[in-house]
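So the chains spell out like this:
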Amino acid sequence: MAPSITSEKLTLSYPLFGASFIDADRLLVAGGGGEGRSGVGNKITLIDTLTKPGKPLTVTSEIGLSMDEDAVMSLSTLNTPSGTKALAGINSSQKAKSNEHFRVFDVPKEGEISLASKHALFSQTDAETYQRLVRVDGEGKMAVIASGSGMAPTSASEVVVINVSSLNVKRRIRLPGKEEVADVDISKDGKRVVYCSPGDIYIASTEKEERSPEPVTLEWKGSDRPKGSFRSVRFSNNRGLVAVYNIFGRSGAIVLLIDASGRIISRRNVHSGAKAVIGMDTLTLSPTSTLLAVAGADRSIQLFLVGELIKAVKTFKDVHPFQITKLVFSPLPSSGAAVKLATTSMGNTVVVFYIPVFETEGKWQLRQTSMKLTAFLVLFSLVGVVVFAITLQLMFNARAGFEKEQGHIEKLEHLGKRGLEAAEAAGEWMLDEAEEIGVDVMKGMLGEAVQGVIG
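The name recorded for the chain in an unreviewed UniProt entry is Guanine nucleotide-exchange factor SEC12, from Tuber borchii. In UniProt, the chain has this text filed under Function (unreviewed entry): "Guanine nucleotide-exchange factor (GEF) required for the formation or budding of transport vesicles from the ER." Taken directly from UniProt, the Sequence similarities (unreviewed entry) text for the chain runs: "Belongs to the WD repeat SEC12 family."

Laid out in C-alpha cells, this is it:
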C-alpha cells in the first residue's frame, strides 16, 4: 500500500497572509494585525518543516515588525550568492510621505531575520494602493509585483517587473480602466509574465516594452463562457497556462488548462462544496505533469494532476478554522519521499501537507493510491483466486477422464472464460485508474498479473 498524505499543524500569534518555501524544508510565513493598536503584532516567522515521529513543526526564527505600518500582505523568497532574501509587501504608515511598500529581508541559515532595504516602486502613490502580489522566477533573477487598491479602486492595478540584483524596474504595465490584478506569475526563465483581472488573462514580455498587452483570446470548445471571473493563473507545461475561473454567484469553480494559442484543452470542476476558489499554486513534476492545489472558500484544499487532462487526486475538508489566505508548494526534494504543501489562514494557523512522491527516469510522480483502486485490487485478487480454482478443477476432470461430467466441464469452461474476461476488465480498469493518479509503476505489475492468470 502506498503511503498516505499526512499533515502537521502549527498555531502562531497573528493572522497569516503570506508564505514561501526557502527550500524543501524551511518555510517562511508572514502577516499581522496591521497598522493600529489592535494588540496583534506584524511578524515574519521561519518554520522548520522537517518533521519526524514526535517532532512537530518548529519555529526557528521570528522578527517583529512595526505596528505603525501595515501587515505583511505578500511574500516570496529566493536564494542568492549572498544568502536567502525575502521579498515582502508592507505598506508604510499612512502618515509617511512615501509608501515604501517593497521590503527586502535577509534570512540567514542561523540567526535572526533582518530588514535589508525598503523601496517605493509603484507609480501610484495614494494611501489605498498596496503590494498585493509578488512572484520570483525560477532562477531568482527577476521578480514581478502587482498592486491592489482595496474595495473601491481609484485607478487600475499596476504590474511591475524588477531586476532582483539591482532592484531596478524593467517594465511597468497598467491594466485598462480600473481593473484589479487577481493573480500574477512569471515564467521560470524570467522572460514572460502572465496576469489576470476578473475578466481577462494577459501575457507580456519582461524584456521589451509593448504598447498594451492584449488579453488572451480563449476558445471555450464550442460552449459559451459562463458568467464569472478569473481568480488565479499560472504558467504550465509546454508554454501553456492553467487558470481558475469562479462561476458567478458562488455557484462553483472551474480549473482550465489552456494551450499557447488560447484554446481550452481541458477543464475540470472544483468539488461542489467549494462554491468558489480563493487561491492556487502549482508545482512542475515533469515536462508533461504538474501538481496543482486550489483553496476553496469552504476552507478546503483540493489537489489535481495536470497533464494532457486535469485529473482530481484528493480533497481535504475543513483544513483551517478560518478562511485560507495562502497556499504554496515546496521545491521537489533532493532526497526523501515527499513534497510539501503549506497553507495559512486568518486564524493564525499553518498546516503543512506531506505528499508522497517518487522519481523514476528523471520524472517525479505521485505515490498515492485511491480508495477505489485499493478496492479493485482486492476484487482483482479474488477474481484471480476463482479463475485459478476453476482451472485446477478443469485439469483434474480432464486427467481423470470423467466423460460423464462433460456437460459440467463445458459449464466450468464457460465460467472460466467469463472469469478471465472479468479479470481482464478489472485489470484494464485498474491500469487506467493507476495512470490517472500517477502510479505508473503499477502498470507493469498489473499487466504481468493479468497475463499470468490468462496463461
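There's more to say after this.
Turning our attention to the overall build of the chain. For the chain, the helix and strand inventory stands at three helices and 28 strands. The 455 residues of the chain split such that 49% are buried. Counting only contacts in the chain whose residues sit at least 6 apart along the sequence, the fraction spanning at least 24 positions is 49%. Total accessible area computed for the chain in this model is approximately 21800 Å², and 53% of it derives from carbon and sulfur atoms.

The next thing to look at is the sheet that holds strand β2 (residues 16-21). On the basis of which strands lie adjacent, the open sheet formed by four strands has the order β2-β3-β4-β5 and antiparallel pairing. The outermost strands of the open sheet, each flanked by one partner alone, are β2 and β5 (58-65). Taken pair by pair, the neighbouring strands of this sheet meet at an average axis angle of 15°, ignoring direction. Here five bridges tie β2 to strand β3 (residues 26-32), and the two strands are oriented antiparallel to one another. From the neighbouring strand, Gly18 faces β3, where its bridge partner is Ala30.

Pairing of strand β23 (residues 301-306) with strand β24 (residues 310-316) involves six bridges; the strand directions are antiparallel. Across the sheet, the residue bridging to Leu303 is Lys314, located in β24. Connecting β23 to the antiparallel partner β24 that follows it, the hairpin turn spans three residues.

Take the environment of Lys85 next. Considering the arrangement of structural elements, one finds Lys85 in strand β7 (residues 83-90). Remark: the alpha-carbon pair of Lys85 and Asp106, spanning 21 residues in sequence, is separated by 5.0 Å. Discounting chain neighbours no more than four positions away, the residues touching Lys85 are Ser76, Thr77, Leu78, Thr80, Val104, Phe105 and Asp106. At 2.4 Å, the side chain of Lys85 and the side chain of Asp106 are in polar contact.

The next subject is the packing of aromatic side chains. Counting across every chain of the model gives four aromatic pairs. Taken together, a centroid distance of 4.9 Å and an interplanar angle of 70° make the contact between Phe230 and Tyr245 edge-to-face. You can see Phe230 sitting in strand β17 (residues 228-235) and its partner Tyr245 sitting in strand β18 (residues 241-247), a full 15 residues away along the chain. Classification of Tyr245 by relative accessible area gives buried; the value is 0%. Plain terms: the ring middles of Phe316 and Phe353 are 4.6 Å apart, the flat faces sit at 35° to each other, and that makes the pair tilted. Taken together, the residues Phe316 in strand β24 and Phe353 in strand β27 (residues 349-360) connect sequence positions 37 residues apart. Judged on exposure class, the residue Phe316 and its partner Phe353 are both buried.

Pairing between side chains becomes possible if they bear opposite charge and their charged atoms approach one another. Scanning all chains against the criterion turns up 15 salt bridges. Glu62 is the partner of Lys43 in a salt bridge, and the nearest nitrogen-oxygen pair spans 3.7 Å. Placement of Lys43 in strand β4 (residues 42-48) and of Glu62 in strand β5 is noted, with a sequence separation of 19 residues between them. By relative accessible area, Glu62 is classed as partly exposed at 31%. Among the charged side chains, a network of salt bridges with common partners joins Arg135, Asp183, Asp185, Arg234 and Asp281.

Time to look at the nonpolar core. Burial of nonpolar side chains together is a common tendency in soluble globular proteins. Within the largest apolar cluster, 24 residues are counted, with the highest numbers of intra-cluster contacts made by Leu291, Ile301, Leu303, Leu341 and Ile355. Among the secondary structure elements, those contributing two or more residues to this core are β21 (277-286), β22 (289-296), β23, β24, β25 (324-329), β26 (338-345), β27 and β28 (363-366). The greatest single-element share of this core, amounting to four residues, is contributed by β27. With residues near it in sequence (within four places) discarded, Leu341 still touches Ala293, Ile301, Leu303, Leu327, Val328, Phe329, Val351, Val352, Phe353 and Ile355. Among the nonpolar cores identified, the runner-up in size contains 17 residues, and Val216, Leu218, Val233 and Tyr245 belong to it.

This part is about the environment of Glu179. Mapping Glu179 onto the fold places it in the loop between β13 (169-174) and β14 (183-186). Engagement of the side chain of Glu179 in a polar contact is seen with the side chain of Tyr202, the distance being 3.5 Å.

Per-residue pLDDT for the chain averages 83, and the proportion of residues at 70 or more is 78%. No element of the chain has a lower mean pLDDT than helix α3 (residues 441-454), which averages 41, and none a higher one than β2, which averages 98. Predicted confidence is poor over residues 369-378, with pLDDT under 50, and the contacts of this stretch with residues over four places away or in other chains come to 21 contacts. The model gives residues 419-455 a pLDDT under 50, and that stretch makes 61 contacts with residues more than four places away or in other chains.

Conventions used here
One numbering rule holds for all chains: residues counted from 1, following each sequence as written. Totals for whole chains, interfaces and linings use every residue, but because this is a predicted model, local features are given only for residues with pLDDT of at least 70 and side-chain atom pairs only at 80 or more, for both listing and counting. The side-chain values count all of the structure's non-hydrogen atoms but skip hydrogen atoms and water molecules. UniProt positions are given in the numbering used here, feature names are shortened, and annotations may be inferred rather than shown by experiment. Elements are defined by DSSP. Helices are runs of H or I of four residues or more, strands are runs of E of two residues or more, and each kind is numbered from the N terminus. Burial classes follow relative accessibility: with a 1.4 Å probe on protein chains only, a residue under 20% of its type's maximum area counts as buried, one over 50% as exposed, and anything between as partly exposed. Note on contacts: a residue pair qualifies if any of its non-hydrogen atoms lie within 4.5 Å across the two residues. Each accessible area is a Shrake-Rupley result for a 1.4 Å probe, and residues are judged covered by the shown protein chains and nothing else. Here the rule is simple: two strands pair whenever DSSP picks up at least two bridges between them. Only C-alpha atoms enter the line fits that serve as axes; for helices the fit covers just the stretch in contact. Angles between N-to-C directions range over 0 to 180 degrees. Polar contacts here mean pairs of N or O atoms no more than 3.5 Å apart (in protein, one a potential hydrogen donor and the other a potential acceptor; neighbouring residues in sequence count only if both atoms are side-chain atoms). In this scheme Phe, Tyr and Trp rings, the latter by its six-membered ring, pair at centre separations within 6.5 Å, and the angle between planes marks the pair as stacked below 30 degrees, edge-to-face above 60, and tilted otherwise. When a carboxyl oxygen of Asp or Glu is within 4 Å of a side-chain nitrogen of Lys or Arg, the pair counts as a salt bridge. Buried residues of nine kinds, namely Ala, Val, Leu, Ile, Met, Phe, Trp, Tyr and Cys, make up a nonpolar core once their side-chain atoms join them within 4.5 Å. Every residue is assigned a pLDDT by the predictor, reflecting its confidence on a scale from 0 to 100.

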